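Observations on the model geometry
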Amino acid sequence: MFKGPWWPIVSAGAVVLVFLGMTAPALADDPPTPPRAAPAPRGLPAAPSGASYDKLITFANDSARDLGALQQQARDVDTARRENLDQISDLEALTRRPGVVRNRIEREALRLSASATMPSATTLSAPVVEAAEEMRNMRVELTEQYVALQADAIALAPYAAMPPANGAWMAPVLGELTQGFGQTTYWGEPARVYGGVSYAHFHDGIDIATSMYSPVVAAAPGRVVWVGHLPDGAMVVIIAHIGGLVSLYAHLDDRIAPPRVAAGDQVQEGQIIGAIGMTGMTTGPHVHFVVWRNGELIDPLTLIAR
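Glancing now at the side chain of His-288. In this fold, His-288 is placed in strand β13 (residues 286–293). Within polar-contact distance, the side chain of His-288 engages the side chain of Asp-204 at 2.8 Å.

The next point concerns the nonpolar core. Among the nonpolar cores identified, the biggest contains 56 residues, and Ile-238, Tyr-249 and Ile-273 are the most heavily contacted of them. Mapped onto this core, the elements with two or more residues apiece are α2 (53–111), α3 (121–161), β6 (206–209), β8 (222–229), β9 (235–241), β10 (245–252), β13 and β14 (296–298). Tallying contributions element by element places α2 first for this core, with 9 residues. Setting aside residues up to four positions removed in sequence, Ile-273 forms contacts with Val-216, Val-217, Ala-218, Val-237, Ile-239, Tyr-249, Pro-259, Arg-260, Val-261 and Val-267. Of all hydrophobic cores here, the second largest spans 6 residues; its members include Leu-91, Met-135, Met-138 and Leu-142.

By the definition in use, this model includes 6 aromatic pairs. Measuring from ring centre to ring centre gives 5.2 Å for Tyr-249 and Phe-289, while their planes differ by 40°; the resulting arrangement is tilted. Here the residue Tyr-249 occupies a position in strand β10, and Phe-289 occupies one in strand β13, the gap between them amounting to 40 residues. Here Tyr-249 falls in the buried class, since its relative accessible area comes to 0%. Judged by relative accessible area, which is 0%, Phe-289 ranks as buried. Put simply, the rings of Phe-181, Tyr-194, Tyr-199 and Phe-202 touch in pairs and so form one group of aromatic residues.

Reading the values: rules and limits
Residues numbered from 1 in each chain as written. Predicted model: local features only at pLDDT ≥ 70, side-chain atom pairs only at ≥ 80, totals over all residues. Heavy atoms only, no water. Helix = DSSP H or I, 4+ residues; strand = E, 2+ residues; numbered from the N terminus. Polar contact = N/O pair within 3.5 Å; in protein donor to acceptor, adjacent residues only side chain to side chain. Core = buried A, V, L, I, M, F, W, Y, C linked by side-chain atoms within 4.5 Å. Buried < 20%, exposed > 50% of the residue type's maximum accessible area, 1.4 Å probe, protein only. Contact = heavy atoms within 4.5 Å. Phe/Tyr/Trp six-rings, centres within 6.5 Å; stacked < 30°, edge-to-face > 60°.

Encoded structure:
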């Protein structure tokens, strides 16, 4: 039970009411508890400029982790804001009640004024008036907190609105799977250690081939964290998703149908983000689709509904 600095005053008023043979009103109820301080909203880090591929992927995975934290922060701030508004409403009601109580006390005091032991009406009403003033001050403080919470909620609104992936992901393009995820004999793929095993050649995603300029879509809802060219010239879009997931779409066209999104954009599943191209090191039009979970490569086909 919260006891503010005005609690002795309210208690005294309740004692007077009992003395008068009246039922203690809502004035003696526990007042609302002030909300906890909400954390200040923070945005995703700025995308690196001219960073290496490895640093870029580290940045993307950090962004996916931060994205989940921001979404939870947005929910917490909105909950605190709603609770704060309810407390303000409760205080407004409580602030009005003491006036009614005061009038009842004063009328009863006047009626019993012949009694030598009866306090004056002024003495009886003072605790109620003081308690009402304290509650008005508390309402002002809560209102100031609400304004701050509202500002945080507005700043975090883009993250609160972003939905998590609902079930399976969709393929980023309709076409033919020309290369799968994992160990390969193709000399063009670099060496990689995966799952504690060293491979001479390893394909870090899947390749889906189709005709030039076919639309490429986001495989799941998320937020674009980087759009640009890799060192080999490949046009790439990278999206961070809830759940520590990151998706990369490479070899997109950059001339006829360049990417339609920019870093910071929120995208929905199935939203067109670019078009099939042949930028970078490629032997034909296709999208190179890569997925990480918590910084670790995973086979994209484990997410895509087939």
